[in-house]
Amino acid sequence: MTPGSGLQAGLKNRHLSMIAIGGVIGAGLFVGSSSGIATAGPGILLSYALVGTLVVLVMRMLGEMSAANPTSGSFSAHADRALGRWAGFSIGWLYWFFWVVVLAVEATAGAKILEGWIPAVPQWGWALIVMAVLTATNLVSVGSYGEFEFWFAGIKVVAIGAFIVVGALAVFGVLPGAHSDKAGVSNLTAHGGFLPHGPGAILTGVLLVVFSFMGSEIATLAAGESENPQRAVTKSTNSIIWRIGVFYLGSILVVVCLLPWNDPSIATQGSYVAALNSLNIPHAGEIMNFIVLTSVLSCLNSGLYTASRMAFSLGQRGDAPKAFARTNARGVPMAAILASVLFGFLAVFFNYEFPDTVFLFLVNSSGAVALFVWLVICFSQLRMRRIIQKEAPEKLVVKMWLYPYLTWATAALIVFVLGYMLTDTKGESSGRTTVLLSLGVAAAVIITSLIKEKVAAKKRPAAAVEDQADKVSVG
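Residues numbered from 1 in each chain as written. Predicted model: local features only at pLDDT ≥ 70, side-chain atom pairs only at ≥ 80, totals over all residues. Heavy atoms only, no water.

1. Brief notes about the packing of aromatic side chains
Quick note on the threshold: Pairing of aromatic side chains here covers Phe, Tyr and the six-membered ring of Trp, requires ring centres within 6.5 Å, and sorts the geometry by plane angle: under 30 degrees stacked, over 60 edge-to-face, intermediate tilted. Summary of the burial criterion: residues with accessible area below 20% of their type's maximum are buried, those above 50% are exposed, and those between are partly exposed, where the area comes from a 1.4 Å probe applied to protein chains only. Any Lys NZ or Arg CZ that is within 6 Å of a ring centre and within 35 degrees of that ring's normal is treated as a charge sitting over the ring.
A complete count under the given rule lists 19 aromatic pairs for this structure. When the centroid spacing of 5.2 Å and the interplanar angle of 90 degrees are considered together, the rings of Phe150 and Trp151 count as edge-to-face. Residue Phe150 is classed as buried on the basis of its relative accessible area, which comes to 15%. The class for Trp151 is exposed, based on a relative accessible area of 54%. The positively charged end of Arg14 is found above the aromatic ring belonging to Phe150, 4.7 Å away from the centroid. Positioned above the aromatic ring of Tyr403 is the side chain of Arg385, whose terminal nitrogen or guanidinium carbon lies 4.3 Å from the ring centre.

This is the structure:
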């Protein structure tokens, strides 16, 4: 393949399968679940189930569009065609912004763990090392990204699976060598009831867990570089239910059965580490730190890949610098990768130099992007279904259930969650702050896209007049 001719199909089926499975297991599951448990008690299971259902429905819609038209731009490219250039431009750049900020967050989280193991290297040094290594991985080829992600995701999957099995055996008192006096299904109701803080805590829990599900859509972006894109999208879409059911609901159920929800160790050690420590498993904390580090590296690896492919797609459509759409002989969009990681490095710098001002703004202003993306997917699918049925109905190999009613219901639920976030006013990263700042950034991007369209529209007639004049002069 000659330089600049496009992406290559370098991802194998086993890569796509593991990317799809690992994509729903973010570091947020390990790190953020303790605050959710403290807020809603065992009722956090309902919060995870509610958000999980939302993700399943959104992924079904995205799967329908992506199976019919697999592309590296995924939902941004679909929005471009279904809703207009402004929609594809806006959601594409917002999604890119979200992931480059995530790069800094995850690099810092991984650096903290590595500094604890090897304190001779400062935390900022570890952050740069981690990002540099994964940048190199992405620059080599899409196959090297896929191979790294295959093993990163594999470790996460095995770890969660082992945790569920070991924890379930302990809950029912049949784990050899484990003597936990706290474990039992009774923990679900014995300490203030299943909903110790009332039904309202379920919605508060939703706000805390919703962002840990971001990443489930990565498989649809990666499918464009696979051997059989349609098969890859169909498979990942159909398996999303059991993936969320097992890895999220299954593991959290084990945590709240192993320990009372209000056990102080959940807040101080983290939910999964505390659950393992309650079984007196040697070095449980270090084992979980290794798993969290693996999740962080996986998230960084996929985040850089995802941001660069979205930049590549935007470049292809003329919504980003043309250099972003160029690939080298290995099918790697080097300019898109380097631009994404450069912003990531800049965000790491802000995290260490201006953590309470610039970096806090970046985190808050990208916080609601996940919900914006899901909402755009809903409205895109409403339009794209009609387009596909008219132009190529045979491509509808994946169909959204109860269309259009369930699509509208999903959109309404997302709007409701955004509205409920506006009622959360606690702290510098409150739901209201996150939504308002994210809406502000979104508005700025949309205005930019509309101005760009207006300028382009003015240039088109002028270009047409010049072209006509050239033809006349030649004639």
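2. Quick look at the packing of helix α4 (residues 74-82) against helix α5 (residues 85-117)
Note the following rule: Interaxial angle, 0 to 180 degrees, is taken between N-to-C directions of lines fitted to C-alpha atoms, where a helix line uses only the stretch in contact. Going along the chain from the N terminus, every DSSP run of H or I of four or more residues is numbered as a helix, and every run of E of two or more is numbered as a strand. What sets the label is the angle itself: under 35 degrees gives roughly parallel, over 145 gives roughly antiparallel, 65 to 115 gives roughly perpendicular, and the rest give oblique. Left-handed is the label given to a crossing in which the near helix is rotated counterclockwise from the far helix by less than a right angle, and right-handed is the label when the rotation is clockwise. Every residue pair with non-hydrogen atoms within 4.5 Å of one another is taken to be in contact. The nonpolar class holds Ala, Val, Leu, Ile, Met, Phe, Trp, Tyr, Cys and Pro. Asp, Glu, Lys and Arg form the charged class, and all remaining residues, Gly among them, are polar.
Across the interface, α4 lies against α5 with an axial gap of 6 Å and an inter-helix angle of 160 degrees. One finds that α4 runs roughly antiparallel with respect to α5. As for how α4 packs across α5, the hand of that crossing is right-handed. Within the contact between the two elements, α4 uses Phe75, Ser76, Ala79 and Asp80 and α5 uses Arg85, Ala87, Gly88, Ile91, Gly92 and Tyr95. Taken together, the residues of the contact of α4 with α5 break down into 5 nonpolar, 3 polar and 2 charged.

3. Section: unusual backbone geometry
Among all residues save glycine, negative phi is the norm, and among peptide bonds the norm is trans. Going from Tyr403 to Pro404, the amide bond is cis rather than trans, its omega being 0 degrees. Looking at where Pro404 falls in the secondary structure, it is placed in the loop between α17 (369-391) and α18 (405-421). Phi is positive for Ser74, close to 45 degrees, though the residue is something other than glycine. Position of Ser74 among the secondary structure elements: in helix α4. Accessibility expressed as a relative area gives 0% for Ser74, which makes it buried. Positive phi, normally seen in glycine, also occurs at Leu402, with a value near 50 degrees. Here Leu402 lies in the loop between α17 and α18. Overall, Leu402 belongs to the exposed group, its relative accessible area being 62%.

4. Topic: the packing of helix α15 (residues 334-353) against helix α16 (residues 358-366)
Two elements in contact, α15 and α16, have axes whose closest approach is 7 Å; the angle formed by their N-to-C orientations is 125 degrees. One way to sum up the angle between α15 and α16 is to call them oblique. In contact with Ala347, Phe350 and Asn351 of α15, α16 contributes Val358, Phe359 and Leu362. Here the residues of the contact of α15 with α16 are counted per class, giving 5 nonpolar, 1 polar and no charged.

5. What to know about the environment of Gly110
Within the secondary structure layout, Gly110 lies in helix α5. Judged by its relative accessible area of 2%, Gly110 falls in the buried class. A C-alpha to C-alpha distance of 17 Å links Gly110 and Phe350, two positions 240 residues apart in sequence. Beyond its immediate chain neighbours, meaning those up to four positions away, Gly110 contacts Leu293 and Val296.

6. What about the pattern of salt bridges?
For clarity, the cut-off: A pairing counts as a salt bridge when a side-chain nitrogen of Lys or Arg comes within 4 Å of a carboxyl oxygen of Asp or Glu.
For the structure on display, the rule yields 8 salt bridges. With a closest N to O distance of 3.5 Å, Arg85 and Asp80 form a salt bridge. Classification of Asp80 as buried rests on a relative accessible area of 13%. Between Arg81 and Glu391 there is a salt bridge, and its shortest N-O distance comes to 2.5 Å. You can see Arg81 sitting in helix α4 and its partner Glu391 sitting in helix α17, a full 310 residues away along the chain.

7. Thoughts on a nonpolar patch on the surface
Inclusion rule: Two joining distances apply to patches: 9 Å for like charges and 5 Å for nonpolar side chains (Val, Leu, Ile, Met, Phe, Trp, Tyr), and every residue must have over 30% relative accessible area and no salt bridge. Each accessible area is a Shrake-Rupley result for a 1.4 Å probe, and residues are judged covered by the shown protein chains and nothing else.
Together, Leu83, Trp86, Phe379, Trp408 and Leu450 give the surface a local cluster of nonpolar side chains, amounting to about 470 Å² of exposed area. Tracing the chain through its elements places Trp408 in helix α18. Owing to a relative accessible area of 49%, Trp408 belongs among the partly exposed residues under this scheme.

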